[in-house]
Amino acid sequence: MPADGSIVTDPSWSGLVELGAESDDDGMQLLDARGRPLPLPLPPQQHIGRFHQGYALVYSRGAARMADRAGKTYALPDAFDTEVAAAGLVRFAASAAEDAPWGLYGFIEDREAAAPQYTSIGSYRGERAAASLGPDRPS
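No experiment lies behind these values; they were computed from the predicted model shown.

### Some thoughts on the packing of aromatic side chains
Going through the model one piece at a time under the given rule, you end up with 3 aromatic pairs. Ring plane angle 80 degrees and centroid distance 4.9 Å describe the contact between Tyr55 and Phe107, whose orientation is recorded as edge-to-face. Remark: Phe107 occurs in the loop between strand S10 (102–106) and strand S11 (111–118) and Tyr55 occurs in strand S5 (residues 55–60); sequence separation between them is 52 residues. Site record: aromatic cluster; members linked through ring pairs are Tyr55, Tyr74 and Phe107.

Have a look at this one:
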């Protein structure tokens, strides 16, 4: 149901998720406030995550990428986990190990910003984020 209170349906939809994406056998796509697919250069995806700092994790055909609100996508490092830390920057863990170190990757520049060495990296506030190298090393 869009903000105007009307009900929007489409026979091809199998369900809706809160972030405003349509989901069917062809994948997910973003909808506007009236329930119409947005005219973006982003084809249907298998998954579209929540937008954070203006970007969302998208997944299609075995590849995870970041997408902005205009539908442009950006490559991510080959990693087990990625999370948006700031606009244009993700923190990433290269493996699934519980103690895998975290690094930073600038996906707009397509380059590693900090090698994986941190036990944790928080979200940025302005130009800074709290990060830890572990209990035995200074942060």
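### Describing the pairing of strand S6 (residues 63–68)
The pairing of S5 with S6 spans 6 bridges and is antiparallel. Bridging across to S6, Leu57 finds its partner in Met66. Taken together, S5 and the strand that follows it, S6, pair antiparallel across an intervening segment of 2 residues, in which Arg61 is found at a positive phi of about 55 degrees. Examined bridge by bridge, S6 and strand S7 (residues 73–75) share 3 bridges and lie antiparallel to one another. Bridge pairing links Arg65 to Ala75 in S7. In this antiparallel pair of consecutive strands, S6 and S7, the connection spans 4 residues, and Gly71 shows a positive phi of 95 degrees.

### Remarks on the nonpolar core
Grouped together as the largest cluster of nonpolar side chains are 11 residues: Ala85, Ala86, Leu89, Ala93, Ala100, Trp102, Leu104, Ala114, Tyr118, Ile121 and Leu133. Looking at this core, the elements with two or more residues in it are strand S8 (81–86), strand S9 (89–93), S10 and S11. In this view, Leu104 contacts Ala85, Leu89, Val90, Arg91, Phe92, Glu112, Ala113, Ala114, Ile121 and Tyr124; residues no more than four positions away in its chain are not counted. Ranked by size, the runner-up nonpolar core spans 9 residues in total, among them Leu76, Val84, Val90 and Phe92.

### Focus on the side chain of Ser60
Secondary-structure assignment places Ser60 in strand S5. The buried category is assigned to Ser60, whose relative accessible area is 17%. In this view, Ser60 contacts Pro44, Gln45 and Gln46; residues no more than four positions away in its chain are not counted.

### Examining the sheet that holds S10
Read from one edge of the open sheet, 4 strands run S8-S9-S10-S11, paired in antiparallel fashion. Here the strands that pair on one side only, and so sit at the sheet edges, are S8 and S11. Between one strand axis and the next, the sheet turns by 25 degrees as a mean value, whatever way the strands run. With 5 bridges joining them, S8 and S9 adopt antiparallel strand pairing. Residue Val84 lies in a different strand from S9, and its bridge partner there is Val90.

### Remarks on the environment of Glu83
Looking at where Glu83 falls in the secondary structure, it is placed in strand S8. Once you skip the residues sitting within four places of it in the chain, Glu83 turns out to touch Leu89, Val90, Arg91 and Trp102. Polar side-chain contacts of Glu83 include one of 2.8 Å to the side chain of Arg91.

About the cut-offs
- Residues numbered from 1 in each chain as written.
- Predicted model: local features only at pLDDT ≥ 70, side-chain atom pairs only at ≥ 80, totals over all residues.
- Heavy atoms only, no water.
- Phe/Tyr/Trp six-rings, centres within 6.5 Å; stacked < 30°, edge-to-face > 60°.
- Helix = DSSP H or I, 4+ residues; strand = E, 2+ residues; numbered from the N terminus.
- Pairing = 2+ DSSP bridges.
- Core = buried A, V, L, I, M, F, W, Y, C linked by side-chain atoms within 4.5 Å.
- Buried < 20%, exposed > 50% of the residue type's maximum accessible area, 1.4 Å probe, protein only.
- Contact = heavy atoms within 4.5 Å.
- Axes fitted to C-alpha atoms, helices over the stretch in contact; angles between N-to-C directions.
- Polar contact = N/O pair within 3.5 Å; in protein donor to acceptor, adjacent residues only side chain to side chain.

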